[in-house]
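Residues per chain are reported as follows:
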2 protein chains.
Amino acid sequence: VEELLRSSLGVRGVLVAPQLIDAPRGSELARALRARQLEVAEVGPHEFASAAETESPQGVLAIAEKPRLTLDQVVVREPFRLLVLDAVQDPGNVGTILRTAAALGVSATAALPGTVDLWNAKVVRSAMGAHFHHPTVSTGWDQIVAFCASHGISVWAADAAGAQLDAVPRPARLALVVGNEGSGISEAARRHADRIVAIPVSTPVESLNVAVATGILLYELRR
Amino acid sequence: VEELLRSSLGVRGVLVAPQLIDAPRGSELARALRARQLEVAEVGPHEFASAAETESPQGVLAIAEKPRLTLDQVVVREPFRLLVLDAVQDPGNVGTILRTAAALGVSATAALPGTVDLWNAKVVRSAMGAHFHHPTVSTGWDQIVAFCASHGISVWAADAAGAQLDAVPRPARLALVVGNEGSGISEAARRHADRIVAIPVSTPVESLNVAVATGILLYELRR
């Protein structure tokens, strides 16, 4: 909620329970809500629990407007990095990936069909506020391919059998595709990618969690 | 279980349910178990469910001997990388970290007090078999300090306020300390560290998940 208040998203209303005062920075947050003249409803802990989805809610819940962004509204400035999620299914992984993308300065994240809804409550919680300032879109391959072609953006996909990253120069405009937890990148990704890249691991048997792999790739491709 | 059979750990017995045949590579695994002449008990799906802890178990469960390793049994070869977990609490994070450490060729991982038990069932599942060949120890700061001093190992700790990694030459022998999800590295870590290092992020407000941050640091410090 702190991150939401720092963003430009419209906040429709806020639900507050007594335990907010005991949460870290809880009383400052309560003051900030009042100062913003938002519609704040104070409810008891039981009523609050019936609205919250987590086991130990911290006592604050906000309703805000989802930004409705499309791919052609994404601004292309160099260095441009578009992260493309190709059927990444676990909400915790996707939330962690969005948090990482925001922290490492990725331009935007696009979700292809088969990826969990980026605004799923678990994804939003795991992303720790990244949604509120990191641009995200839900789109299809046709749109990605057209967008990348019209802006001169290279498309790379991550796969354990790809080229070692160290050896490859970084384009100024790049879309990076990461794939499903079990089956990796799709056939469409292989078809549309200009290059398949890999993180060197110790033995071919071992693989990395998709959120960790994405973190390493985005870090490595910042430059 | 596949990873366990590839390791040198002693397997005491295996429980198998009919659904194993439908799991990916299930029939090969069933054959491998028979070929190894292990004690395999075949049970029905309900009986199996009462022994398994997951919601949709794949139909195989093995009982094996935990390796009992101490820090002074860890072999120091260059490049030496010891990962030190300083009160990392979430089992999913710790499992993912062990999987990453194994994949990136880390020499061993040490857990300090306050860290979740490395052999907790959730940690073992998230680590995807890393436990069976990546050396892990549970130990205290006194042991870490003595071990690092006697082997000439530099101690670095990760913190958002640390020195940017890019600028720092890598020692041949290094212990990297990562801290708690909420509060970061402990006072003891700050006292014992020769250097505090950071991953450059876009804005100081944002932070990385501890498993992602550890992945980036271990990748960056391989060289």
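Above: the structure in question.
Residues numbered from 1 in each chain as written. Chains lettered and ligands numbered in written order. Predicted model: local features only at pLDDT ≥ 70, side-chain atom pairs only at ≥ 80, totals over all residues. Heavy atoms only, no water.

Enquirer: Whenever I open this one, unusual backbone geometry confuses me. Can you help?
Expert: Negative phi values dominate among residues other than glycine, just as trans dominates among peptide bonds. With an omega of -5°, the peptide bond between E78(A) and P79(A) qualifies as cis. Relative to the elements of secondary structure, P79(A) occurs in the loop between β3 (60-64) and β4 (80-86). Positive phi values are uncommon outside glycine, yet R25(A) reaches one of about 60°. Considering the arrangement of structural elements, one finds R25(A) in the loop between β1 (11-16) and α2 (26-35). Here Q37(B), not a glycine, exhibits a phi torsion of approximately 55°, which is positive. Relative to the elements of secondary structure, Q37(B) occurs in the loop between α2 (26-35) and β2 (40-42). Given the relative accessible area of 75%, Q37(B) is considered exposed. (Helix = DSSP H or I, 4+ residues; strand = E, 2+ residues; numbered from the N terminus. Buried < 20%, exposed > 50% of the residue type's maximum accessible area, 1.4 Å probe, protein only.)

Enquirer: Would you mind showing me how to read the packing of helix α4 (residues 91-103) of chain A against helix α8 (residues 210-220) of chain A here?
Expert: A pair of packed helices can be characterised by two numbers: the angle between their axes and the separation between those axes. Residues and elements named next belong to chain A. The geometry of α4 relative to α8 is characterised by a closest axis approach of 9 Å and an angle of 15° between their N-to-C directions. Viewed along their axes, α4 and α8 adopt a mutual orientation that is roughly parallel. Between α4 and α8 the crossing geometry is right-handed. On α8, the residues touching N93, T96, I97, T100 and A101 of α4 are V210, A211, T214, G215 and L218. Partitioned by chemical class, the residues of the contact of α4 with α8 number 5 nonpolar, 5 polar and no charged. (Axes fitted to C-alpha atoms, helices over the stretch in contact; angles between N-to-C directions. Parallel < 35°, antiparallel > 145°, perpendicular 65-115°, else oblique. Left-handed = near helix turned anticlockwise from the far one by under 90°. Contact = heavy atoms within 4.5 Å. Nonpolar A, V, L, I, M, F, W, Y, C, P; charged D, E, K, R; others polar.)

Shape is all these values report; function is a separate question.
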